[in-house]
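Descriptive analysis of the structure
Okay, here's what each chain looks like letter by letter:
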Amino acid sequence: MSEHIMNTGIPAFLSHFGLSLLLLASFIACYVAITPYREIQLIRAGNHAAAASLSGAVLGYCVALASAIANSINLIDMLCWGAIALAVQLLAFGVVRLLLPGLVADIPDNKIASGIFLGAVSLGLGLLNAACLTY
C-alpha cells in the first residue's frame, strides 16, 4: 500500500465512515422518536409494515447521506449536508402522515400497504434529496 494512501486515504475514509455511522444512528434515533409507535419492538414481533417503513426510511437517508459524503469538501460540509438530509427525510413521515391519517394505527396493525407506501415515499424522497445534494 502506498504511503499516500496510508497517510491521507485511510484517515479520510475512517473519519467519513465514522461520521456517517454517527449520522445514521442519529437519524434512526430521531425517526423512531417522532413516530408514535415503537418500530423496533414491532419489528421484533414480526410486524412487516413496521419493517418496510423503517427500512425505506433508513435506505432513503443512506442514499441522501451517500450523496452528501461524495459531494462534501470536508467533514464539516458533510456534517451540515447530512443534517439537512436528516431533516428532509424526517419530513417524509410527516407528509405520509398527512396523506394517510390512519397511518399511526395502520403500522402497529401490520397493514403492509401503509408500511410499503411510507417506505417507498421515504426512499423516493431520499433519491430526490440525494440529487439535490450534488452541486
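Structural notes, computed from the coordinates. The model shown is predicted, which means the values in this text are computed figures rather than measured ones. (Residues numbered from 1 in each chain as written. Predicted model: local features only at pLDDT ≥ 70, side-chain atom pairs only at ≥ 80, totals over all residues. Heavy atoms only, no water.)

This part covers helix 6 (residues 112–132). Helix length check: helix 6, at 21 residues, gives a terminal C-alpha distance of 30 Å against a target of 30 Å (1.5 Å per residue), a fit within 8%. Along helix 6, the residues that are buried comprise S114, G115, L118, G119, S122, G126, N129 and A130. Buried residues of helix 6, viewed axially, fall in a sector of 140 degrees; they line one side. Facing away from the buried surface of helix 6 by more than 90 degrees, the exposed residues are A113, L128 and C132. (Helix = DSSP H or I, 4+ residues; strand = E, 2+ residues; numbered from the N terminus. Expected span 1.5 Å × (residues − 1). Buried < 20%, exposed > 50% of the residue type's maximum accessible area, 1.4 Å probe, protein only. Arc of directions from axis to C-beta.)

Turning to the packing of helix 3 (residues 48–71) against helix 4 (residues 75–99), a few remarks are in order. Put simply, helix 3 and helix 4 touch, their axes get as near as 9 Å, and they point 155 degrees apart. Comparing the axis directions of helix 3 and helix 4 gives the class roughly antiparallel. Note that helix 3 runs across helix 4; the crossing there is right-handed. When helix 3 is examined against helix 4, the residues A57, G60, Y61, A64, L65, A68, I69 and N71 are found in contact with a partner set consisting of D77, M78, W81, G82, A85, L86 and Q89. Partitioned by chemical class, the residues of the contact of helix 3 with helix 4 number 10 nonpolar, four polar and one charged. (Axes fitted to C-alpha atoms, helices over the stretch in contact; angles between N-to-C directions. Parallel < 35°, antiparallel > 145°, perpendicular 65-115°, else oblique. Left-handed = near helix turned anticlockwise from the far one by under 90°. Contact = heavy atoms within 4.5 Å. Nonpolar A, V, L, I, M, F, W, Y, C, P; charged D, E, K, R; others polar.)

This part takes up the packing of helix 3 against helix 6. Running from amino to carboxyl end, helix 3 crosses helix 6 at an angle of 0 degrees, the nearest separation of the two axes being 7 Å. Considered as vectors, helix 3 and helix 6 are oriented roughly parallel to each other. Contact with helix 3, carried on its side by H48, A49, A52, S53, G56, A57, L59, G60, V63, A64 and S67, involves I112, G115, I116, L118, G119, S122, L123, G126, L127, N129 and A130 of helix 6 and no other residues of that element. Of the residues belonging to the contact of helix 3 with helix 6, the class tally is 12 nonpolar, 10 polar and no charged.

Before going further, it helps to examine a nonpolar patch on the surface. A cluster of nonpolar side chains, I10, F13, L14, F17 and L21, forms an exposed patch at the surface whose accessible area comes to about 480 Å². Tracing the backbone shows L21 in helix 1 (residues 3–34). Of the residues examined, L21 reaches a relative accessible area of 43% and is grouped as partly exposed. (Patch = residues over 30% accessible without salt bridge, like charges linked within 9 Å, V, L, I, M, F, W, Y side chains within 5 Å. Areas by Shrake-Rupley, 256 points an atom, 1.4 Å probe, with all protein chains shown as cover. Salt bridge = Lys/Arg side-chain N within 4 Å of Asp/Glu carboxyl O.)

With that settled, the discussion passes to the nonpolar core. What tends to happen in soluble globular proteins is that the nonpolar side chains get buried as a cluster. Counting 25 residues, the largest nonpolar core has F27, Y31, Y61, I107 and L118 as its most contacted members. Top contributing element to this core by residue count: helix 3, with eight residues. (Core = buried A, V, L, I, M, F, W, Y, C linked by side-chain atoms within 4.5 Å.)

The final tally for this structure, using the stated rule, is five aromatic pairs. Residues F27 and Y61 carry aromatic rings whose centres are separated by 4.6 Å and whose planes lie at 10 degrees to one another, so their mutual orientation is stacked. Taken as a pair, F27 in helix 1 and Y61 in helix 3 lie far apart in primary sequence, 34 residues in all. Since its relative accessible area comes to 0%, Y61 is described here as buried. Relative to F93, the ring of Y31 lies with its centre 6.1 Å away and its plane at 75 degrees, an arrangement referred to as edge-to-face. A residue pair is termed long-range when its members are at least 10 positions apart, and Y31 in helix 1 and F93 in helix 4 qualify at 62 residues. (Phe/Tyr/Trp six-rings, centres within 6.5 Å; stacked < 30°, edge-to-face > 60°.)

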